[in-house]
Amino acid sequence: MLLKRTLLSCILILSFTTWCYGQDEKTSAVVTYDGVVDNPYEINKLWIHIQPLYAELFVTNVNFGFGVQVDYQIASKLGLSAQWRRAYAQPTDFAREVAQKNQDNLDNNKTFNYFQLGGTIHLSDQAQEGKSKIVLYSKRYRGKRWANRLPEKLVVPSQVRKVYGLRWGGFMYNSTTDANKAAMEQSVTLVDMDSNPVGDASLYTNVQVKALYVGASLTLIKNVAIKPHRDFGVLVNDLNFNAYIDVIYAPSVEVDDIMLGTNLIAGDQLATKDLGFRLGIEGKFNKKFGYAYGAELGYRPSIENRTFYALFKMSFPVFGVTPHDQPRPYRN
């Protein structure tokens, strides 16, 4: 009974608080504005991403690190992208860190490295009438005044560019991984060249993968700017959002042999998986100086039963470059 009363009291308090904010933040007048630009085709052609942080929960090897990404719209129907990521150091390269402290074998442990190069061919590229949400922000809202406000939003009609694409490319990576866990997950008993079981030795190995991918993508682009008649300045919605799905095939998945004293333990005793897939999203903005984000989820070719991964990456700063023969739609 006491629990029910407590929950009811919390609901009433939250409802009252929400009502108070709603009354306080209600727009006092209709916001009118002048359109500055509404053209999702007048956007940057080159983005250079500096990635101070990525986090990858990969069953083969959990790792955190940094990277670089470059997106270039080389032609009207062809975009290219390259990206590279690497673990910060041994403590954020988890399998390598544990291997350095615990392994009994003599092998060198490789740092996690990932490189990808690919492109997107535009199969369909059309702009449609849609809507954009724009936050009504003013310099007057800086500091605590902005923190204590619920931001007002204005929904304006705008063009939304939809690009359906065919993705293709390849990637490669190398990583340390736990050979004992991999063998246990596959119900495999590791043996040396004389077919003797290795027993309780703590073993780690390296995996190198070279893979190809093909997939589809949908990109939504908005590039709208307005000038409200109230004191807000020029406000923009210039999101470039991309969602994609890929099928992955790895013609090469190599597991290093393991040296335990004078005994050689063949890496091919561990089964590998050469097929995978992934779902991903990326978002960036049509600015000279901004930020971007991305996430992926899927199964990456690796040792059997150790292919699942989830990736998050943040880019800041992101430098946007527009060719000199194309006018900027507005100033940042």
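None of the values given here were measured: they were computed from a predicted structure.

**Regarding the pairing of strand β6 (residues 153-178)**
As paired strands, strand β5 (residues 113-135) and β6 are joined by 22 bridges and run antiparallel to one another. Across the sheet, Tyr114 pairs through a bridge with Tyr173, a residue of β6. Here β6 runs beside strand β7 (residues 204-221); their pairing, made up of 18 bridges, is antiparallel. Paired with Asn174 across the bridge in β7 is Gln208.

**Concerning the nonpolar core**
Counting residues in each nonpolar core, the largest one holds 29 residues, and the members touching the most others are Tyr173, Leu190, Leu203 and Leu270. Contributing elements (two or more residues each) for this core: β2 (46-58), β6, α4 (179-185), β7, β10 (239-255), β11 (258-260) and β17 (308-321). The residues touching Leu203, leaving out its near neighbours within four places in the chain, are Asn105, Asp178, Ala179, Asn180, Leu190, Val198, Ile258, Leu260 and Ile265. Leu136, Val156, Val224 and Ile226 belong to the second-largest nonpolar core, a separate cluster that totals eight residues.

**Considerations on the side chain of Arg96**
Among the secondary structure elements, Arg96 is positioned in helix α2 (residues 94-102). For the buried Arg96, no salt bridge exists, and the shortest N-O distance to an oppositely charged side chain is 4.4 Å, to Asp93.

**Digging into α2**
Among the residues of α2, those classed as buried are Ala95, Arg96, Glu97 and Ala99. Contacts made by the buried residues of α2 are with β6 and β7.

**Considering the pairing of β2**
Moving residue by residue along a regular strand, the side chains alternate between the two faces of the sheet. Where β2 meets strand β3 (residues 63-75), nine bridges bridge the pair, whose relative direction is antiparallel. Bridging across to β3, Trp47 finds its partner in Asp71. Two successive antiparallel strands, β2 and β3, enclose a turn made up of four residues. As paired strands, β2 and β17 are joined by ten bridges and run antiparallel to one another. Each residue of the ladder has a partner; that of Phe58, found in β17, is Tyr309.

**Topic: the confidence of the model for the protein chain**
In the predicted model, the protein chain carries a mean pLDDT of 86, and the fraction of residues at 70 or more is 83%. Every residue in residues 144-148 scores below 50 in pLDDT, and together they form eight contacts with partners more than four places removed in sequence or on other chains. Considering only residues more than four positions removed or in separate chains, one finds that residues 327-332, a stretch of pLDDT under 50, has 20 contacts.

**Some words on the environment of Gln159**
With respect to the helices and strands, Gln159 occurs in strand β6. Its relative accessible area of 23% is what places Gln159 among the partly exposed residues. Taking the C-alpha atoms as reference, Gln159 lies 9.9 Å from Tyr41; in sequence the two are 118 residues apart. Those residues in contact with Gln159 that lie beyond four places of it in its chain are Asp38, Pro40, Ala127, Gln128, Glu129, Ile221 and Lys222. At 3.1 Å, the side chain of Gln159 forms a polar contact with the backbone oxygen of Asp38.

Parameters at a glance
Residues numbered from 1 in each chain as written. Predicted model: local features only at pLDDT ≥ 70, side-chain atom pairs only at ≥ 80, totals over all residues. Heavy atoms only, no water. Pairing = 2+ DSSP bridges. Helix = DSSP H or I, 4+ residues; strand = E, 2+ residues; numbered from the N terminus. Core = buried A, V, L, I, M, F, W, Y, C linked by side-chain atoms within 4.5 Å. Buried < 20%, exposed > 50% of the residue type's maximum accessible area, 1.4 Å probe, protein only. Contact = heavy atoms within 4.5 Å. Lys, Arg positive; Asp, Glu negative; His and termini not counted. Salt bridge = Lys/Arg side-chain N within 4 Å of Asp/Glu carboxyl O. pLDDT = per-residue confidence, 0-100. Polar contact = N/O pair within 3.5 Å; in protein donor to acceptor, adjacent residues only side chain to side chain.

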